[in-house]
Amino acid sequence: MKKRGIALLCAALLLTGSVRAVEVSAPSAILMEKETGTVLFAKDEHKQLEPASVTKVMTLLLTMEAIDGGQLSYDDMVTASAHACSMGGSQIWLKEHEQLSVSDMLKAVCVVSANDCAVALAETVAGSEDAFVERMNQRAAELGMKDTTFKNATGLPAAGHVTSAYDIALMSRELILNHPDIRQYTTIWMDTLRNGESQLVNTNRLVRFYEGATGLKTGSTDSALYCLSATAEREGMELIAVIMKGATSAQRFEDAQALLSHGFASYALRKIVPDQALPPVLVELGAQATVQPVPGEGSTLLLEKAKAGNLAQSVTLEESVPAPVALGDRLGTLTVTSGEEVVAEIPLLAGEEVPRVTYGQMLLRLLKTACLAG
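The following refers to the structure shown. This one's a predicted model, so the numbers in the text were calculated from it and none came from an experiment.

## Let's talk about the pairing of strand E7 (residues 213–221)
Along any regular strand the residues' side chains alternate between the sheet's two faces.
Then, in step 1: Counting buried positions along E7 yields eight of nine residues, so the element is predominantly enclosed.
Then, in step 2: As judged from the eight bridges shared by E7 and strand E8 (residues 225–234), these two strands associate in the antiparallel manner. Looking at E8, one finds that Thr221 is bridged to Leu225.
Then, in step 3: Joining the antiparallel neighbours E7 and E8 is a turn of three residues.

Put into structure tokens, the structure is as follows:
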């Protein structure tokens, strides 16, 4: 709430009554909107469960952070270690010392959930899988993933390797919100590697069959059953549906589709921009006469569709403020209403700092005034 402000609090309160408006068969699930992080559906979302290969959302996040931070590039070559090649489960059968680009490794992880490539990337980023897992847990803590403990970079069964639907939504949101380039891999339905020798078909069938699907990651083991973090975007709004411990592969996709469709049918994202230019506010004894107000954070609203199409605005501003004015000082409020209901109160803040006028500046002003009067 601190980062997004009053507007998100209002939106969260308005949406609370609709959190359980749809049902799923999976024992644990969540639906979250990407931009605001608002939870639109929750069912036992903090229950600690095995995530299987949905674990790789964190592996992808740390890899993308390394790329966007300049530590790696998509064209860098990754050499497969004996350890990476020893992974079981889903893989592309890397041979020891085989080299593939970071880009191809990411493709293999995103499309076919390749465990060998996930470990190869982990070793490239952190030096070893163990060191990478330490980073995974550190990043999880930073994101507020309190239900999570990672034991490996793949999601292969390991004692104590657990997370929750809520935590998966948090790391999925971080990945797609701040590293949208991951879509170039998560939206692939079919592709090849090794000059066409290795065929890839996405384990996430929503990529082909659900309108607006953008990813993100499937997972299944005998003990975790069928898990999924599914993302989709329509009309500028991207949703994250997480399904944990689905009974069958088909059921997890049906549950995720039901959540996503409910979200798109019921809610809309609106970017609030002032209807008219905001007038400057007078500054008493300031080094300049006025300060320009600007909307603060929280101007993106998630609303029920019935309310989103009938919005009105009103602006309240201080007549004047005393100097000094700091950047970000509150100058007023932009109130957004739907009918008689207030749906958001967006702070209007000083867009610049205005120091107090000095004695010399004051004297100069008086002299100019006297000259003009004379």
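## Regarding the side chain of Ser338
Then, in step 1: Positionally, Ser338 belongs in strand E17 (residues 330–338).
Then, in step 2: Side-chain polar atoms of Ser338 contact the backbone oxygen of Lys307, separated by 3.3 Å.
Then, in step 3: Sequence-distant contacts of Ser338, that is, excluding residues within four places in its chain, are made with Lys307, Asn310, Leu311 and Val343.

## Concerning the nonpolar core
Then, in step 1: Among the nonpolar cores identified, the biggest contains 65 residues, and Met58 and Ile92 are the most heavily contacted of them.
Then, in step 2: Mapped onto this core, the elements with two or more residues apiece are strand E1 (28–33), helix H2 (56–68), helix H3 (82–85), helix H4 (102–112), helix H5 (115–126), helix H6 (129–142), helix H7 (165–178) and strand E9 (237–246).
Then, in step 3: Setting aside anything within four residues of it in sequence, one finds Ile92 in contact with Leu100, Ala108, Val112, Ala114, Asp116, Cys117, Leu193, Arg194 and Leu200.

## A short note on the side chain of Arg252
Then, in step 1: Position of Arg252 among the secondary structure elements: in helix H10 (residues 249–266).
Then, in step 2: The charged side chain of Arg252 is buried without a salt bridge, its nearest counter-charge being Asp255 at 9.7 Å.
Then, in step 3: What Arg252 contacts, discounting residues up to four positions off in sequence, is Thr218, Gly219, Ser220, Tyr226, Cys227, Leu228 and Ile243.

## Considerations on the sheet that holds strand E2 (residues 39–43)
Then, in step 1: The antiparallel open sheet is built from five strands, whose spatial order is E2-E1-E9-E8-E7. Each of the sheet's edge strands pairs with one partner strand only, and the pair in question is E2 and E7. Across the sheet, the axes of successive neighbouring strands diverge by a mean angle of 5°, strand direction being ignored.

## Quick word on the sheet that holds strand E13 (residues 293–295)
Then, in step 1: A sheet is described by the order of its strands in space; here four strands give the open sequence E13-E18-E17-E15, paired in antiparallel fashion. The open sheet has two edge strands, E13 and strand E15 (311–317), and neither has a second partner. Here the average twist between neighbouring strands, direction ignored, is 30°.
Then, in step 2: With three bridges joining them, E13 and strand E18 (residues 341–350) adopt antiparallel strand pairing.

## Topic: the packing of H5 against H6
Then, in step 1: Where H5 contacts H6, the axes come no closer than 8 Å and their chain directions differ by 80°. Between H5 and H6, the crossing angle belongs to the class labelled roughly perpendicular. Residues Val119, Ala122, Glu123, Val125 and Ala126 of H5 touch H6, and the partners they reach there are Glu129, Ala131, Phe132 and Arg135.
Then, in step 2: Of the residues in the contact of H5 with H6, the class split is six nonpolar, no polar and three charged.

## Notes on the packing of H2 against H4
Then, in step 1: Contact pair H2 / H4: the axes reach a minimum separation of 11 Å and the direction vectors enclose 160°. If you check the angle between H2 and H4, you find them roughly antiparallel. Where H2 crosses over H4, the two elements pack in a sense that is left-handed. Residues Lys56, Leu60, Thr63, Met64 and Ile67 of H2 form the contact with H4, whose own contacting residues are Val102, Leu106, Val109 and Cys110.

## Some words on the packing of aromatic side chains
Then, in step 1: Overall, the coordinates contain two aromatic pairs when judged by the stated rule.
Then, in step 2: When the centroid spacing of 6.2 Å and the interplanar angle of 45° are considered together, the rings of Tyr74 and Tyr185 count as tilted. With Tyr74 in the loop between H2 and strand E3 (77–79) and Tyr185 in helix H8 (residues 183–186), this pair connects stretches of sequence that are 111 residues apart.
Then, in step 3: When the centroid spacing of 6.1 Å and the interplanar angle of 75° are considered together, the rings of Trp189 and Phe209 count as edge-to-face. Here Trp189 is found in the loop between H8 and strand E5 (190–193), whereas its partner Phe209 is found in helix H9 (residues 206–209), with 20 residues between them in sequence.
Then, in step 4: On the accessibility criterion, Phe209 (55% relative accessible area) is exposed.

## A closer look at the environment of Gly212
Then, in step 1: Within the element layout of this structure, Gly212 appears in the loop between H9 and E7.
Then, in step 2: Residues Gly212 and Thr231 lie 19 residues apart in sequence; the distance between their C-alpha atoms is 8.5 Å.
Then, in step 3: Beyond its immediate sequence surroundings of up to four residues, Gly212 is in contact with Ala232 and Glu233.

## Focus: the environment of Thr337
Then, in step 1: For Thr337, the position within the fold is in strand E17.
Then, in step 2: With relative accessibility at 18%, the residue Thr337 sits in the buried group.
Then, in step 3: Thr337 sits 23 residues away from Ser314 along the chain, and the two C-alpha atoms are 8.4 Å apart.
Then, in step 4: With residues near it in sequence (within four places) discarded, Thr337 still touches Asn310, Leu311, Ala312, Val342 and Val343.

Rules of the game
- Residues numbered from 1 in each chain as written.
- Predicted model: local features only at pLDDT ≥ 70, side-chain atom pairs only at ≥ 80, totals over all residues.
- Heavy atoms only, no water.
- Buried < 20%, exposed > 50% of the residue type's maximum accessible area, 1.4 Å probe, protein only.
- Helix = DSSP H or I, 4+ residues; strand = E, 2+ residues; numbered from the N terminus.
- Pairing = 2+ DSSP bridges.
- Polar contact = N/O pair within 3.5 Å; in protein donor to acceptor, adjacent residues only side chain to side chain.
- Contact = heavy atoms within 4.5 Å.
- Core = buried A, V, L, I, M, F, W, Y, C linked by side-chain atoms within 4.5 Å.
- Lys, Arg positive; Asp, Glu negative; His and termini not counted.
- Salt bridge = Lys/Arg side-chain N within 4 Å of Asp/Glu carboxyl O.
- Axes fitted to C-alpha atoms, helices over the stretch in contact; angles between N-to-C directions.
- Parallel < 35°, antiparallel > 145°, perpendicular 65-115°, else oblique.
- Nonpolar A, V, L, I, M, F, W, Y, C, P; charged D, E, K, R; others polar.
- Left-handed = near helix turned anticlockwise from the far one by under 90°.
- Phe/Tyr/Trp six-rings, centres within 6.5 Å; stacked < 30°, edge-to-face > 60°.

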